[in-house]
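Structural description and commentary
Each chain is listed here by its residues.
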Amino acid sequence: MPGSKKGGALRVSLKGLLYAAAPALLYTALSNAVHSLCAQSGLFASQSASKLLMQAVSVSVCLLFFTWYACQEGIRLRSGKKGVFRYPACFCYVMAVVMCGIVNNYLFSMVLSFVKEASTGYWQVVQVFYQQDLRLEVLTLCVLAPLAEELVYRGFVYQRLLKQCAQTKAALLSALLFGVLHFNIVQCVYAFVLGILLAHIVHKTGSLPAAAAAHMAANLVSVLWTETDWLDLLNQSGGRLYVAALVCLALMGIFLSYGNRMVKK
């Protein structure tokens, strides 16, 4: 085992950390390689919509590969946890992640005007992924990407870290890697916070699909909020923006609390 005991807790060695991070690094390299091959193949035009389609193809390839890899490694999608309260708990956790995503969006809207230069990479991502065909956005951002990322980060990375250190440290390290590999400061913070909650869901429910469902729901709200008028109620400004952020933060805490209580039952 790469870790070593110290003070009753496991300490992660550099070798163990690299072993845990390897699937995430492989996922990033593989998706970029497939994306580059798609761009060089000439099968896709140079429009932004084609960039999103290439992203869908690259994520699909990664999802297929890591599904096969998970079968080879014996990655467990669910633990032996059972009980009638498990499903309501999962629902509460999904809602908590959605509220967290909304709060993050509010916070970013408050500070982005002060960090425009630092958020250049984020705006480039927005131009590629948004304002495209809504069905393709939902498929890529709300189905394929969450499935692949949860399998990699909460399936491989988090579970490998759990064998070397305490749950809290494993959640923080996997979430940090999840954030850093988004390669821009805005998504890094967003993914880090979300990653902690998603690891908490896996820890409490023993269900990787529950974390994937929460990730999907958060991304779906973001897409619908940006691309449609269905969630115009969330659009606030001035003092109402701060009030809305506090309300959503309180709801996130309530849903988390109820989820934790149901898991205990």
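An account of the accompanying structure is given in this report.

Taken as a whole and judged by the stated rule, the model has three salt bridges. When the shortest N-O distance is used, the salt bridge between Arg160 and Glu73 registers 3.7 Å. Taken together, the positions of Arg160 in helix H5 (residues 134–162) and Glu73 in helix H2 (residues 48–73) put the pair 87 residues apart, joining distant regions of the chain. Here Glu73 falls in the partly exposed class, since its relative accessible area comes to 39%. For Asp133, the salt bridge goes to Arg135, with nearest N and O atoms at 3.4 Å. Overall, the relative accessible area of 35% leaves Asp133 in the partly exposed class.

Packing of helix H7 (residues 185–205) against helix H8 (residues 208–227) brings their axes to within 8 Å, and their N-to-C directions diverge by 150°. Two packed elements cross with a definite hand, and for H7 against H8 that hand is right-handed. Side by side, H7 and H8 meet where Tyr190, Leu198, Ile201, Val202 and Thr205 of the first sit next to Leu208, Ala210, Ala211, Ala214, His215 and Ala218 of the second. Classifying every residue of the contact of H7 with H8 by side-chain character gives nine nonpolar, two polar and no charged.

To continue, consider the packing of aromatic side chains. The full count for this structure, using the stated rule, is 10 aromatic pairs. Where Phe65 meets Phe66, the ring centres are 5.1 Å apart and the plane angle is 85°; that geometry is what we call edge-to-face. By relative accessible area, Phe65 is classed as partly exposed at 31%. The buried category is assigned to Phe66, whose relative accessible area is 1%.

Here helix H3 (residues 86–111) crosses H7 at 170°, and the two axes come no closer than 10 Å. Looking at the two axes, H3 sits roughly antiparallel to H7. Taken together, the residues of H7 that come into contact with H3 (itself represented by Arg86, Cys90, Tyr93, Ala96, Val97, Cys100, Gly101, Asn104 and Phe108) are Val186, Val189, Tyr190, Val193, Leu194, Leu197, Leu198, His200, Ile201, Lys204 and Thr205. Residue composition of the contact of H3 with H7, grouped by class: 14 nonpolar, four polar and two charged.

What follows covers a nonpolar patch on the surface. Together, Val243, Val247, Leu251, Ile254 and Tyr258 make up a nonpolar patch on the protein surface, roughly 430 Å² of accessible area in all. For Tyr258, the location among the structural elements is in helix H9 (residues 239–264).

The subject of this paragraph is unusual backbone geometry. The residue Phe183 is not glycine, and still its phi comes out positive at about 65°. Mapped onto the elements of the fold, Phe183 is located in the loop between helix H6 (167–180) and H7.

A few words now on helix H1 (residues 14–41). The end-to-end C-alpha distance of H1 is 39 Å, a good match for the 40 Å that 28 residues give at a rise of 1.5 Å each. Ala21 marks where H1 bends most, by close to 40°; the proline Pro23 follows one to four residues later. Listing the buried residues of H1 in full gives Gly16, Ala20, Ala21, Pro23, Ala24, Tyr27, Thr28, Ser31, Val34 and Cys38.

Rules used throughout
- Residues numbered from 1 in each chain as written.
- Predicted model: local features only at pLDDT ≥ 70, side-chain atom pairs only at ≥ 80, totals over all residues.
- Heavy atoms only, no water.
- Salt bridge = Lys/Arg side-chain N within 4 Å of Asp/Glu carboxyl O.
- Helix = DSSP H or I, 4+ residues; strand = E, 2+ residues; numbered from the N terminus.
- Buried < 20%, exposed > 50% of the residue type's maximum accessible area, 1.4 Å probe, protein only.
- Axes fitted to C-alpha atoms, helices over the stretch in contact; angles between N-to-C directions.
- Left-handed = near helix turned anticlockwise from the far one by under 90°.
- Contact = heavy atoms within 4.5 Å.
- Nonpolar A, V, L, I, M, F, W, Y, C, P; charged D, E, K, R; others polar.
- Phe/Tyr/Trp six-rings, centres within 6.5 Å; stacked < 30°, edge-to-face > 60°.
- Parallel < 35°, antiparallel > 145°, perpendicular 65-115°, else oblique.
- Patch = residues over 30% accessible without salt bridge, like charges linked within 9 Å, V, L, I, M, F, W, Y side chains within 5 Å.
- Areas by Shrake-Rupley, 256 points an atom, 1.4 Å probe, with all protein chains shown as cover.
- Expected span 1.5 Å × (residues − 1).
- Bend = angle between axes of the 7 residues up to and from the residue.

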